[in-house]
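Summary of the model geometry
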Amino acid sequence: MASTPSALSILKSHFGYDRFRPLQEEIIDQVLGGGDALALMPTGGGKSLCYQLPAMCLPGLTLVISPLIALMKDQVDALNANGISARYVNSTMTASEIEQVQAEAGRGQVKILYAAPERLAIGSFRRFLNAIDLSLIAIDEAHCISEWGHEFRPDYRNLRQLRAEFPQVPAIALTATATGQVREDIIEQLGLRRGRVFLSSFNRENLSYSVEVKEGYWSKLLPLLKAHRGESAIIYCLSRRETEEMVEDLNDRGFSALPYHAGLESDVRRRNQEDFIRDRTPIIVATIAFGMGIDKPDIRLVVHHSLPKSLEGYYQETGRAGRDGLPSECVLFYSYADRARQEYFIDQLEDPGEQANARQKLSRMIEYAELPVCRRKTVLGYFGESWQVDNCGGCDVCLSTESEFDATELAQKILSAVIRTGERFGAMHVIKVLRGSREKRVLELGHDRLSVYGLVTNMSDSELREVVAHLRARGLLERKESEFAVLSVSEAGRRFLRDRESLALPALKNATASQPGRKSRPGNSPVEDFDRALFEELRLLRRTLADSQELPAYVVFGDTSLRQMAALMPQSMDSFAMIPGVGRAKLEEYGESFVAAISAYAKPKNLPDRSPELSEKRITREPGEARPALAEGGARRGTTYRQTREMLDRGMTISQIAEARNLASNTVIGHVERLAAQHEPLNLEHLLPDQVRLAQIKEAFDTCGYDFLKPAWEYLGSAFTYDELRLARIFLRQEASTD
Ligand code: ADP
Ligand code: MG
Ligand code: ZN
């Protein structure tokens, strides 16, 4: 592959990664070879890189069509943080702002330009495109072009004309929607005939799935939320009213949550979404309207408070969890009432075709919720992917097979009851008969006179429903969808009765207390084993840096990078450069602050820098390939500390130094911490607060310990800033060591 060496070095230098994810390299090769491509990958699969990296290799500009204005800014911020010159134009900008961006692009100073599809209809924009050197057209969320998709956007039809106008420019279309119809439509509409289709597995292996009975859901939801406290979570509700109520209930229980639904003023909606993205509020309670506009990579929990109406919707909504590849949970609360409610909605549809379609989709969703079949297998099966693994190890069904019980007799009773009632009823009725219900209908039908009447007394409705579901999953019972769902005994079921076969079933979920917050997959992730306290400290630093630059925290570094830092504890710039996610630009911008924080944590505890071990395990680089992250930063580093130190000696304050050197004050404080950690004698007196405040700060650190800022900061209340505490801590440590 001719493009590989340079693509690989750009992957590290600009994105900070050492390897490609599945299909990324193949797609990039195809694009760099001048061909079209359609990339079908799940959410979080890493689609953006498939056009962002080629953009860095190609001579001209890459135009990215993306449907969401809100997302553009975040994506552009993230690229800029990686030292890539990206811009966007959209309708929130003034004409002169747009002209300015286009002029920059005209001078060849922009590699990646984001625009919404409606812009393509604007004459001046078309002229602009014709005047520049256009190298690649990337169409993100390409399913929006298809009326078959769930997010059809008429403006995407402008792309046909764009393609016709630039037939020689290669195009790459990307989507996480994999249904065949939509795929065909994208190829057709965009004229990707000479292209190739890249289809990756839609399994999200870092996501775990489970279904919980909705009855008494607080007892399950609260432990889940506690297990994920401080992490981002989405709770989906069906209606605005439920959304609002849920928010109130959560707030009452001490969880900070915000609502998001179509009934809110757009300002409020935007603000709530922003608060969530910026980690100011961990929980967002939303109707399905929420989510397409966010790329937040570190959502750890997605709860569905009610049954969704289709599996593709469910897959998409849960797909927002764990984009960064770290373990995350998806929990669905299911109740019979919710199912009836969805059925009621469908009954209200006027078009019979639509109604049938909706019913079909809902029934697949219900199967997912009711049948004790591996959830992953069910989801993937829906998308036509066959999942051959016996035990996925990451869903409630697979995890529950560990404890089984003998259900032979119970199964015999249920199957007999289905037969005795004439195979004309649904599960509810059969269960009533088995439990000896005195309900009018049971008596009217004379079912209280059957031999199976009242045979099961020690089990609840929901337990029995669960067993029925198991029997269906094992193929002993069948469910016919006529006007009402009717159970009948299959051939296999008859054989089971006749041959007196035995049956073991996994422990019933409804009987035992469930275990929320359980970890998705047994610790096979390389970053499971990290220092939690340091991680929290680094999160705080990330947050401070991000806030000072008005960026979402994940743009600074993702959780994956932070966990690696907390595991390997790099204490030099060279080691730090090896952390995944650290490219040249981020090394330069944030390296010193993080190395200082890690050193300040690790040195007093004598925790070693483990990054060199990692580098030995790494695949060796291409010969002749410099380590890009280090090549440039290296020489400058000594000087940057020296400059800070000289300014400090001259009595300049942190903010003066920051301004003079055009650095964030955090970075400057990072320098000071680092210099102090190397036992450089420093002149800090002029940076300190007055004696009274200093004494208060000392008391806080003495009480809460010196390792973390947060406890001390909380101890003091908000009259103190983190920066103040950080500086005082350097001084207090120095004092303590000279005493
Ligand atoms: P998608 O658009 O397919 O949902 P993104 O392009 O937003 O996914 O990527 C999801 C996450 O994966 C991002 O945080 C991105 O930085 C990360 N990522 C992409 N490619 C790689 C890679 N080769 N190695 C590590 N992380 C990657
Ligand atoms: Mg994407
Ligand atoms: Zn499973």
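Residues numbered from 1 in each chain as written. Chains lettered and ligands numbered in written order. Predicted model: local features only at pLDDT ≥ 70, side-chain atom pairs only at ≥ 80, totals over all residues. Heavy atoms only, no water.

Turning next to the overall build of the chain. Helix and strand counts for the chain stand at 33 helices and 17 strands. Radius of gyration (C-alpha) of the chain: 30 Å, near the 27 Å computed for a compact globule of 739 residues. A principal-axis box enclosing the C-alpha atoms of the chain has dimensions of 100 × 70 × 55 Å. Out of the 739 residues in the chain, the part that is buried amounts to 54%. Taking as baseline every contact in the chain between residues at least 6 positions apart, the subset at least 24 positions apart corresponds to 73%. Looking at the chain as shown, the accessible area adds up to about 32400 Å², and 49% of this sits on carbon and sulfur atoms. Across the chain, the 94 positively charged side chains and the 103 negatively charged ones have centroids separated by 3 Å. (Helix = DSSP H or I, 4+ residues; strand = E, 2+ residues; numbered from the N terminus. Rg over C-alpha atoms; globule rule 2.2 N^0.38 Å. Buried < 20%, exposed > 50% of the residue type's maximum accessible area, 1.4 Å probe, protein only. Contact = heavy atoms within 4.5 Å. Areas by Shrake-Rupley, 256 points an atom, 1.4 Å probe, with all protein chains shown as cover. Lys, Arg positive; Asp, Glu negative; His and termini not counted. Charge placed at Lys NZ, Arg CZ, Asp CG, Glu CD.)

Turning to the domain arrangement of the chain, a few remarks are in order. Per the domain assignment, the segments making up the chain are domain 1 (5–199), domain 2 (207–399), domain 3 (404–506), domain 4 (532–630) and domain 5 (637–738). Of note, the centres of domain 3 and domain 4, computed from C-alpha atoms alone, are 59 Å apart. (Domains from an automatic or database assignment.)

Relative to each other, helix α13 (residues 336–347) and helix α14 (residues 352–370) sit at 170 degrees, their axes nearing to 10 Å. Compared by their axis directions, α13 and α14 come out roughly antiparallel. Taken together, the residues of α14 that come into contact with α13 (itself represented by Arg-339, Gln-342, Glu-343, Ile-346 and Asp-347) are Gln-355, Ala-358, Arg-359, Leu-362, Ile-366 and Glu-370. Its residues assigned to classes, the contact of α13 with α14 shows four nonpolar, two polar and five charged. (Axes fitted to C-alpha atoms, helices over the stretch in contact; angles between N-to-C directions. Parallel < 35°, antiparallel > 145°, perpendicular 65-115°, else oblique. Nonpolar A, V, L, I, M, F, W, Y, C, P; charged D, E, K, R; others polar.)

This paragraph deals with the nonpolar core. Of all hydrophobic cores here, the largest spans 109 residues; its most connected members are Leu-63 and Phe-594. With residues up to four places along the chain from it excluded, the contact list for Leu-63 reads Leu-113, Ala-115, Leu-120, Phe-125, Leu-129, Leu-134, Leu-136, Ile-137, Ala-138 and Leu-162. Counting 33 residues, the second largest nonpolar core, distinct from the first, contains Phe-15, Ala-37, Tyr-114 and Phe-198. (Core = buried A, V, L, I, M, F, W, Y, C linked by side-chain atoms within 4.5 Å.)

Take helix α32 (residues 709–716) next. Along α32, the residues classified as buried are Leu-709, Ala-712 and Leu-716. The buried residues of α32 all sit within an arc of 75 degrees when viewed along its axis, so they share a single face. Note on α32: the residue one or two positions beyond its end, Gly-717, has a positive phi of about 90 degrees. (Arc of directions from axis to C-beta.)

Before going further, it helps to examine the coordination of the zinc ion (ligand 3). At this site the zinc ion (ligand 3) is bound by Cys-374 (SG), Cys-392 (SG), Cys-395 (SG) and Cys-398 (SG), with donor distances of 2.3 to 2.4 Å. Taken together, the four donor atoms surrounding the zinc ion (ligand 3) define angles of 104 to 115 degrees at the centre, an arrangement classified as tetrahedral. Each donor residue of the zinc ion (ligand 3) lies on the same chain, and together they follow the pattern C-x17-C-x2-C-x2-C. Take Cys-398: its relative accessible area is 4%, and that puts it in the buried class. (Donors = N, O, S within 2.8 Å, 3.2 Å for Na, K, Ca; no water. Tetrahedral: all angles 85-135°; square planar, octahedral: opposite > 155°, others 65-115°.)

Turning next to the site of ligand 1. Around ligand 1, 13 residues are found, and the nearest of them are Tyr-17, Arg-19, Gly-44, Lys-47 and Ser-48. Contacts to ligand 1 include Gln-24, whose side-chain N or O atom sits 3.0 Å from a nitrogen atom. Here the shell around ligand 1 is composed, by residue class, of three nonpolar, six polar and four charged. (Near = heavy atom within 4 Å. Polar contact = N/O pair within 3.5 Å; in protein donor to acceptor, adjacent residues only side chain to side chain.)

Here we come to the pattern of salt bridges. All told, the structure shown has 37 salt bridges when counted by the stated rule. Here Lys-73 and Asp-77 are joined by a salt bridge, their closest N and O atoms 2.8 Å apart. Taken together, the residues span about one helical turn, with Lys-73 and Asp-77 both in helix α4 (residues 69–81) at a distance of four residues. Accessibility expressed as a relative area gives 35% for Lys-73, which makes it partly exposed. On the basis of relative accessibility, which here comes to 14%, the residue Asp-77 falls in the buried class. Glu-439 is paired through a salt bridge with Lys-432; the nearest N and O atoms lie 3.0 Å apart. Glu-439 sits in the partly exposed class, given a relative accessible area of 38%. If you follow the salt bridges from partner to partner, you end up with Lys-214, Glu-242, Asp-338 and Arg-341 in one network. (Salt bridge = Lys/Arg side-chain N within 4 Å of Asp/Glu carboxyl O.)

Further remarks concern the packing of aromatic side chains. Applying the stated criterion to the full structure yields 13 aromatic pairs. With a centroid separation of 5.5 Å and an interplanar angle of 85 degrees, the aromatic rings of Tyr-382 and Phe-383 are classed as edge-to-face. Here Tyr-382 and Phe-383 have matching classes, each one buried. Summarising the aromatic geometry, the rings of Phe-557 and Phe-594 are spaced 5.2 Å apart at their centres and angled 85 degrees between planes, so their arrangement reads as edge-to-face. In this pair, Phe-557 is assigned in the loop between α23 (553–556) and α24 (559–568) and Phe-594 in helix α26 (residues 584–605), connecting sequence segments 37 residues apart. On the basis of relative accessibility, which here comes to 0%, the residue Phe-594 falls in the buried class. Among the aromatic residues, those joined into a cluster by ring pairs are Phe-202, Tyr-315, Tyr-382 and Phe-383. We note Arg-253 situated over the ring of Trp-218; from NZ or CZ to the ring centre the distance is 3.9 Å. We note Lys-605 situated over the ring of Tyr-601; from NZ or CZ to the ring centre the distance is 4.2 Å. (Phe/Tyr/Trp six-rings, centres within 6.5 Å; stacked < 30°, edge-to-face > 60°. Lys NZ or Arg CZ within 6 Å of the ring centre and 35° of its normal.)

So, about the environment of Ile-172. Mapped onto the elements of the fold, Ile-172 is located in strand β6 (residues 171–175). Overall, Ile-172 belongs to the buried group, its relative accessible area being 0%. Between the C-alpha atoms of Ile-172 and Asp-36, which are 136 residues apart in sequence, the distance is 5.6 Å. Sequence-distant contacts of Ile-172, defined by excluding residues within four places in its chain, comprise Ile-27, Val-31, Ala-37, Cys-50, Tyr-51, Leu-136, Ile-137, Ala-138 and Ile-139.

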